[in-house]
Amino acid sequence: MSRPGRDDAPDRLYTVTQGRSRSGPDSPFDLVTLIVAECEPGPGMQSEHTAILRMTEAPTAVVEIAAELRLPVSITKILLSDLHAAGRVSVRHPRKAAVPDPDILEQVLVGLRNL
């Protein structure tokens, strides 16, 4: 039984990705990668590409794009790869939090214990 509201028909997904089942091996995308549109949608573009460009005017995570399009993440990554190869989107990876110095953490712990 399919989930209500989802259009995961294999023939539709095959058409959307032009028969591809995965993005390239050097794909820069993971679930939290931020995507930013570099241009406006153009005439004759695939509807999913147009939707992606509209929703990524501000940085948007891959997983959010997939949810909004109601497509599997793997299919969304293929569409994003197409746009990235054409220079229509840029890819930003979230910054990793700086790892605090263990000595500073120990000093804070000692200070808290002394309170």
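Residues numbered from 1 in each chain as written. Predicted model: local features only at pLDDT ≥ 70, side-chain atom pairs only at ≥ 80, totals over all residues. Heavy atoms only, no water.

The name an unreviewed UniProt entry gives the protein chain is DUF742 domain-containing protein, with Streptomyces ambofaciens as the organism.

Relative to the helices and strands, histidine 49 resides in helix H2 (residues 47-55). Sequence-distant contacts of histidine 49, defined by excluding residues within four places in its chain, comprise Leu79, Asp82 and Leu83. (Helix = DSSP H or I, 4+ residues; strand = E, 2+ residues; numbered from the N terminus. Contact = heavy atoms within 4.5 Å.)

Let's shift gears to the packing of helix H3 (residues 62-69) against helix H4 (residues 73-85). Following both chains from N to C, one finds H3 and H4 inclined at 105°, their axes separated by 9 Å at the closest point. When the axes of H3 and H4 are compared, the pair comes out roughly perpendicular. Judged by residue contacts, Val62, Ile65 and Ala66 of H3 engage Val73, Thr76, Lys77 and Leu80 from H4. Tallied by class, the residues present in the contact of H3 with H4 amount to five nonpolar, one polar and one charged. (Axes fitted to C-alpha atoms, helices over the stretch in contact; angles between N-to-C directions. Parallel < 35°, antiparallel > 145°, perpendicular 65-115°, else oblique. Nonpolar A, V, L, I, M, F, W, Y, C, P; charged D, E, K, R; others polar.)

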